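Chains, contacts and geometry: an overview
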Amino acid sequence: MVDLARRYDVLVVGGGNAALCAAIAARRGGASVLVLEAAPKFYRGGNTRHTRNMRCAHDSATQHLTGPYLEDEFWDDLKRVTQGHTDEELARFMIARSKEMLGWIAEQGVRFQPSLGGTLSLGRTNSFFLGGGRAMLNALYLTAATLGVDVLYDAEVVDLAIEDGMFLSAAVRRDGAVVDVRAAALVAAAGGFEANIEWLKKYWGEAAENFLIRGTPYNRGTLLRLLLGKGVQEVGDPTQCHAVAIDARSPRFDGGIITRLDCVVFGIVVNRQARRFYDEGEDFWPKRYAIWGRLIAGQPGQIAYIVFDAKSLRMFMPSLYPAIRADSLPELGGKLGIDGEALAATVAAFNAAVRPGTFDHTELDDCRTEGLSPPKSHWARRIDEAPFYAYPVRPGITFTYLGTRVDREARILMQGGAPSANMFAAGEIMAGNVLGRGYAAGVGMTIGSVFGRVAGEQAARRVRN
Amino acid sequence: MTAMGEQRAMPMPTDAQREADRLLTICNACRYCEGLCAVFPAMEMRRSFAAGDVNYLANLCHACGACFHDCQFAPPHEFQVNVPRTLARVRVDSYRAYVWPAACAGLFARNGLAVSLAAAAGVALFVGGFAAWHDPTVLFGTHGGPGAFYRLMPHGAMALLFGAVFLYALVAIAMGVRAFWRDIDEPGAPPADARSLWQAIRDAGSLRYLDGGGVGCMNEDERPTDRRRLYHHLTFYGFLLCFAATTVATLYHYLLGRVAPYPWYDLPVVLGTIGGVGLLVGPAGLLAARERAEPAVRDAGSRGMDTAFLAMLLLTSLTGLALLLLRATPAMGLLLAVHLGVVFGLFLTMPYGKFVHGIYRFLALVRYARERRGGHDGTADAA
């Protein structure tokens with residue numbers, strides 16, 4: 001039985017990869033550990049339950065990775081995707097530490113496998129969890145339980161007692177009552193606020209009502225808000241979030257990976273006025289998918305439609321909902337609830353602008369439009385082969401960038417710059433330190449594992465001294 | 001994607017198949033479970049599913065439970081993805097669909113009852129037959145030395161009766177195999193080749209896919225602590241040893257003219273005893289595991305069938321071992337009748353119960369081995 005009256009050495013708030021790595025590392029470091037997860041058991045783990053791989057540097061090919069991924073290449077990738085919005089010292093520290101994470105994570109019971117079907121481009125850089133993120137969580141929770149880590153579910157932290165940068169206790173809501181839990185150190189690993197629509201509205205206005213959240217409704221950022229309200233230094237652009245285009249028919253929360261659509265490059269994207277608004281063929285999809293959520297958020301009603309024809313139907317990964325199909329463009333428009341004649345006119349203008357070329361979706365081919373605004377720079381083929389198809393899409397919010405500033409010991413920095421005596425942060429709640437913008441597949445898990453482990457070790461060390 | 005609902009010529013005939021089709025659409029968009037077993041890679045080789053494909057995938061599933069506990073969309077998630085239970089339902093339906101003669105399909109519906117009745121009838125037949133044939137001094141007498149059993153029932157009669165029921169079971173199973181293979185196989189595909197067969201023998205013999213992708217299968221919860229693979233090995237190899245014991249004894253009888261019962265150190269008795277112990281511990285372990293199983297993963301409807309088959313195996317070994325221990329006592333006559341009755345019931349119900357799972361699963365493994373080697377893949381790789 002979990003005894004909330006005792007004073008634990010380390011209190012970990014959160015229940016995902018970062019939280020569990022911290023809890024395990026702290027416990028292995030000799031500390032008594034309590035994990036407070038706000039979600040019920042099934043939904044435990046925040047965004048980790050929807051992940052499938054982590055990106056770690058390695059000097060040579062392994063059983064599951066097809067070739068080396070050196071630290072410098074990782075750094076170049078990170079610098080590119082963040083457009084320099086990263087703390088180089090922390091980022092390089094993380095990348096260096098990521099090399100031993102594959103082994104460490106495997107020691108905690110997590111199993112790996114070669115890259116999944118449809119993800120060949122990640123086979124060299126990213127290590128895939130056998131069974132996915134929930135399997136990874138199951139393994140970490142099992143290891144934590146075996147080591148004697150206490151875990152409570154449905155336990156949201158609703159207040160913190162912090163004095164001069166020193167954590168004293170947390171108020172935990174559980175079964176309708178609020179209980180104070182004391183601990184010698186705190187590891188904040190409770191993620192961002194992507195599921196907190198009210199908070200998102202602060203930056204996005206009413207448009208946020210039309211956002212779909214890819215993870216669970218429990219990623220509310222309560223702990224982040226508490227910390228920032230109590231003198232902790234913030235990092236990352238509060239207005240930004242990672243937003244991709246997902247099927248508009250998806251549930252409001254937790255649709256996960258299966259609602260994503262990878263077919264933008266094969267067709268055109270129109271808004272509800274049946275107008276195009278961005279170059280669909282600007283670059284390879286893996287390099288562009290993350291801008292489309294924001295693009296659609298800027299359109300009226302926060303909705304758009306990917307329109308393509310019969311020849312593209314089988315060229316991309318299948319997704320959850322079937323494409324909407326019609327024998328003519330006006331009919332397709334009618335089925336989408338937009339002006340069918342306007343849609344036909346947009347497609348006609350697009351078709352007329354398509355230059356002859358050799359279509360090849362594996363390279364930046366020479367199929368492009370001329371004299372069209374916005375252009376389609378690659379993979380532009382006439383949409384003229386019935387039946388015609390469309391997917392309605394909305395912004396799908398994956399995570400937010402706002403976080404707590406930390407040092408390389410994962411210690412939380414207070415406003416003024418001094419590190420907290422006993423507060424640490426790991427995972428999405430501090431991801432903005434190294435990932436101020438953009439995203440590269442698997443980096444979130446690297447941040448969680450590396451800083452989770454560091455936070456747990458440092459917290460245990462602090463308690464012992 | 002898209003294509004799934006549209007390109008299929010015929011709708012799925014059963015509710016379970018329709019549900020499987022819905023799940024396969026979800027799983028094909030996710031693919032996180034790809035490394036757990038053979039079902040998911042086989043699924044990814046297709047973009048749309050015919051009823052035969054669904055039956056093939058269902059029989060390929062070993063019900064290890066890993067994909068249920070690893071799935072982020074499992075209940076209580078609104079997508080309600082429960083692959084093991086859905087495929088278990090499709091499996092039972094498929095046994096019914098391929099049964100020979102078709103009129104026996106109903107035996108799967110209340111299988112526990114059907115098998116119990118067959119066992120009871122078998123036992124009654126032999127006890128009644130012995131009693132009617134002999135006066136009580138023979139039935140309850142003490143018999144020893146070679147030919148002791150045949151004082152109760154002539155060897156010729158025994159061989160004829162069991163030969164007939166065994167042959168019937170073989171024919172009925174072969175007809176089911178034919179129907180299943182026709183349904184799951186691509187028209188025009190080459191027949192199973194030696195390498196695929198050998199691969200399937202190794203996969204089935206090691207229960208390669210009953211291990212949750214490497215850590216052990218999951219039964220009660222997400223902890224991979226289950227021992228079902230061990231119990232299944234004891235059951236399966238115990239069954240094979242018992243079968244070998246009978247075969248050796250038959251060869252002794254006809255080739256060497258040596259007549260049962262044999263001394264305890266002789267090959268048929270040694271094989272039968274070791275096999276019998278396996279067939280005692282294995283089914284008992286599997287029955288216990290079934291009781292502890294997470295209810296969400298199991299198909300409640302097939303419980304009777306599972307229990308009936310395991311109970312029949314358990315009774316076969318129990319009565320056989322009892323006969324071995326007490327064959328020099330006056331209890332031998334009755335025990336022989338009960339044992340023969342149970343074995344008769346087991347053979348008779350083989351084509352109409354859980355036994356067929358091994359046959360269909362093996363065929364599914366053959367098919368899988370072949371399509372893996374053929375590199376059959378219908379899915380575009382889109383980054």
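Residues numbered from 1 in each chain as written. Chains lettered and ligands numbered in written order. Predicted model: local features only at pLDDT ≥ 70, side-chain atom pairs only at ≥ 80, totals over all residues. Heavy atoms only, no water.

1. A few points about the domain arrangement of chain B
Residue and element names in this part refer to chain B.
- Per the domain assignment, the segments of chain B are domain 1 (3-98) and domain 2 (108-359).
- Relative to domain 2, the C-alpha centre of domain 1 lies at a distance of 30 Å.
- Taken together, the contacts link 24 residues of domain 1 with 28 residues of domain 2.
- Taken together, the two surfaces of domain 1 and domain 2 that pack against each other cover about 2,300 Å², and 66% of this comes from carbon and sulfur.
- At the junction of domain 1 with domain 2, the criterion picks out one salt bridge.
- Between Arg89 and Asp299 there is a salt bridge, with the nearest N and O atoms lying 3.3 Å from each other.
- Along the contact surface separating domain 1 from domain 2 lie nine residue pairs in polar contact (both at pLDDT 80 or more).
- At eight residues, helix 6 (residues 83-98) tops the list of elements feeding residues into the side of domain 1 that touches domain 2.
- Class assignment for the residues of the side of domain 1 that touches domain 2 results in 13 nonpolar, eight polar and three charged. (Domains from an automatic or database assignment. Contact = heavy atoms within 4.5 Å. Buried area = accessible area lost by both parts, 1.4 Å probe. Salt bridge = Lys/Arg side-chain N within 4 Å of Asp/Glu carboxyl O. Polar contact = N/O pair within 3.5 Å; in protein donor to acceptor, adjacent residues only side chain to side chain. Helix = DSSP H or I, 4+ residues; strand = E, 2+ residues; numbered from the N terminus. Nonpolar A, V, L, I, M, F, W, Y, C, P; charged D, E, K, R; others polar.)

2. A short note on the pairing of strand 9 (residues 177-188) of chain A
Residues and elements named next belong to chain A.
- Examined bridge by bridge, strand 1 (residues 7-13) and strand 9 share six bridges and lie parallel to one another. Its bridge partner being in strand 9, Val10 is matched across the sheet by Ala185.
- Alignment of strand 8 (residues 166-174) against strand 9, held across six bridges, turns out to be antiparallel. In the strand pairing of strand 9, Ala170 is matched with Val181.
- The hairpin turn running from strand 8 into strand 9, its antiparallel successor, is two residues long, and Asp175 in that turn takes a positive phi close to 50°.
- The pairing of strand 9 with strand 19 (residues 419-425) spans three bridges and is classified as parallel. Counted as the bridge partner of Leu186 is Met423 from strand 19. (Pairing = 2+ DSSP bridges.)

3. Considering unusual backbone geometry
- For the bond running from A:Ser373 to A:Pro374, omega is -10°, close enough to zero to count as cis.
- With respect to the element layout, A:Pro374 can be found in the loop between helix 10 (340-353) and strand 16 (388-400).
- Following B:Pro75, the chain continues to B:Pro76 via a peptide bond in cis, the omega torsion being 15°.
- Tracing the backbone shows B:Pro76 in the loop between helix 5 (66-70) and helix 6.
- In this structure, A:Ala274 is a non-glycine residue whose phi angle is positive, near 65°.
- Tracing the chain through its elements places A:Ala274 in the loop between strand 13 (268-271) and helix 7 (285-288).

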